[in-house]
Amino acid sequence: MTEFNFDYADDFTLNYGATNAPTELTFIFNLGCGDTQKWFLANEKDLFAAIDAGQLRAHFKFWNKDKPSLLNGNVANGFIDYHQPEKMRPLMQTIYHQQADLRQEPLDQVAEYMMQTYHLTPYAQREQVADKIAAEVAENGITSLPTIIKNDQSYFDEQLVDLKQLLA
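Residues numbered from 1 in each chain as written. Predicted model: local features only at pLDDT ≥ 70, side-chain atom pairs only at ≥ 80, totals over all residues. Heavy atoms only, no water.

*Asks:* Please explain the overall build of the chain as it appears in this structure.
*Replies:* Counting its regular elements, the chain contains seven helices and five strands. Counting from the amino terminus, helix and strand elements in the chain follow one another as β-β-α-β-α-α-α-α-α-β-β-α. At 15 Å, the chain has a C-alpha radius of gyration in line with the 15 Å of a compact globule built from 168 residues. When contacts within the chain are restricted to residue pairs at least 6 apart in sequence, long-range pairs at least 24 apart make up 79% of them. In the structure as shown, the chain presents an accessible area of about 8,500 Å², 46% of it carried by carbon and sulfur atoms. The distance from the centre of the 13 positive side-chain charges to the centre of the 24 negative ones in the chain is 5 Å. (Helix = DSSP H or I, 4+ residues; strand = E, 2+ residues; numbered from the N terminus. Rg over C-alpha atoms; globule rule 2.2 N^0.38 Å. Contact = heavy atoms within 4.5 Å. Areas by Shrake-Rupley, 256 points an atom, 1.4 Å probe, with all protein chains shown as cover. Lys, Arg positive; Asp, Glu negative; His and termini not counted. Charge placed at Lys NZ, Arg CZ, Asp CG, Glu CD.)

So this is what it looks like as structure tokens:
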């Protein structure tokens with residue numbers, strides 16, 4: 001097992017759920033990642049039910065991975081306001097449900113799309129957040145999206161499991 005080290009401060013992480021929840025998970029996501037979308041949509045109902053029931057403490061970090069298929073998601077990640085997690089929860093859900101629209105936008109129009117479609121402004125500290133998360137991802141040896149971490153065990157690619165297994 002690897003010991004992971006993340007800063008869960010509200011400046012860099014969307015935190016949900018009771019601090020004394022029996023299960024704690026860290027999610028490394030990207031709003032434009034198709035694999036993240038697939039996992040999220042398959043587990044969304046259970047995810048938020050577990051958070052709301054006090055069974056899960058969830059930490060979401062949105063990584064700007066340098067990969068052509070993720071560039072639109074990288075721009076969208078810059079609109080996440082880490083100081084407003086309750087506003088970001090429905091936004092995250094909506095974006096994953098409508099991700100095809102985000103992915104088909106020309107890269108130079110993604111910011112305008114986010115402003116017009118979701119009535120958002122770029123997060124003022126987006127560059128600092130992106131740098132912090134990129135450093136954490138590198139320090140922790142994370143290479144794939146999505147990656148989910150539980151008890152110093154990472155799940156990604158073929159090892160990715162559904163939420164019910166992670167809560168067991």
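*Asks:* Would you mind going over unusual backbone geometry with me for this structure?
*Replies:* A negative phi angle is the norm for most residues apart from glycine, just as the trans form is the norm for most peptide bonds. In this model, Leu-145 is joined to Pro-146 through a cis peptide bond whose omega is -15°. As for its position among the elements, Pro-146 is in the loop between helix 6 (126-139) and strand 4 (147-150). Not every positive phi belongs to a glycine, and Asn-151 is a case in point at roughly 50°. Structurally, Asn-151 is set in the loop between strand 4 and strand 5 (153-156). For Asn-151, a relative accessible area of 59% puts it in the exposed group. Here the phi dihedral of Asp-157 falls at roughly 50°; this positive angle occurs in a residue that is not glycine. Residue placement: Asp-157 occurs in the loop between strand 5 and helix 7 (163-167). (Buried < 20%, exposed > 50% of the residue type's maximum accessible area, 1.4 Å probe, protein only.)

*Asks:* Whenever I open this one, helix 1 (residues 34-52) confuses me. Can you help?
*Replies:* Each full turn of the α-helix corresponds to 3.6 residues, which orients residues three or four apart in the same direction. Relative to the 27 Å expected for 19 residues at 1.5 Å per residue, helix 1 spans 26 Å between its end C-alpha atoms, a close match to the ideal helical length. The largest bend along helix 1 reaches roughly 65° and is located at Asn-43. Buried within helix 1 are the following residues: Thr-36, Gln-37, Trp-39, Phe-40, Asn-43, Glu-44, Leu-47, Phe-48, Ala-50 and Ile-51. (Expected span 1.5 Å × (residues − 1). Bend = angle between axes of the 7 residues up to and from the residue.)

*Asks:* I would appreciate a short explanation of the environment of Ala-138 in the present structure.
*Replies:* Here Ala-138 shows up in helix 6. Classification of Ala-138 by relative accessible area gives exposed; the value is 60%.

*Asks:* What am I meant to see in the packing of helix 1 against helix 3 (residues 85-97) here?
*Replies:* The geometry of a pair of packed helices is captured by two quantities: the angle between their axes and the separation between those axes. Interhelical geometry of helix 1 versus helix 3 gives an angle of 150° and a closest axis separation of 10 Å. Comparing the axis directions of helix 1 and helix 3 gives the class roughly antiparallel. Like other packed secondary-structure pairs, helix 1 and helix 3 cross with a definite hand, here left-handed. Listed contacts from helix 3 to Thr-36, Gln-37, Phe-40, Leu-41, Glu-44, Phe-48, Ile-51 and Asp-52 of helix 1 are Arg-89, Met-92, Gln-93, Tyr-96 and His-97. (Axes fitted to C-alpha atoms, helices over the stretch in contact; angles between N-to-C directions. Parallel < 35°, antiparallel > 145°, perpendicular 65-115°, else oblique. Left-handed = near helix turned anticlockwise from the far one by under 90°.)

*Asks:* Got a minute to help me understand the sheet that holds strand 2 (residues 23-29) in this structure?
*Replies:* For sheets, the rule is that strands pair by backbone hydrogen bonds, running either parallel or antiparallel. The strand order 1-3-2-4-5 describes an open sheet built from five strands, whose pairing is mixed. In the strand order of this sheet, the two ends are held by strand 1 (14-16) and strand 5, each with one partner. Neighbour to neighbour, the strand axes of the sheet diverge by 20° on average, direction disregarded. When strand 4 meets strand 5, the two strands line up antiparallel, connected through four bridges. Its bridge partner lying in strand 5, Lys-150 is registered against Gln-153. (Pairing = 2+ DSSP bridges.)

*Asks:* How should the pairing of strand 2 be read in this particular structure?
*Replies:* The element strand 2 is extensively covered by neighbouring structure, given that six of its seven residues are classed as buried. Sheet analysis places strand 2 next to strand 3 (residues 56-62), joined by seven bridges and oriented parallel. Paired with Phe-29 across the strands is Phe-62, a residue of strand 3. Relative to strand 4, strand 2 is paired through three bridges, and the arrangement is antiparallel. Opposite Ile-28, over in strand 4, you have Thr-147 as the bridge partner.

The quantities given are spatial measurements derived from coordinates; they are silent on function.
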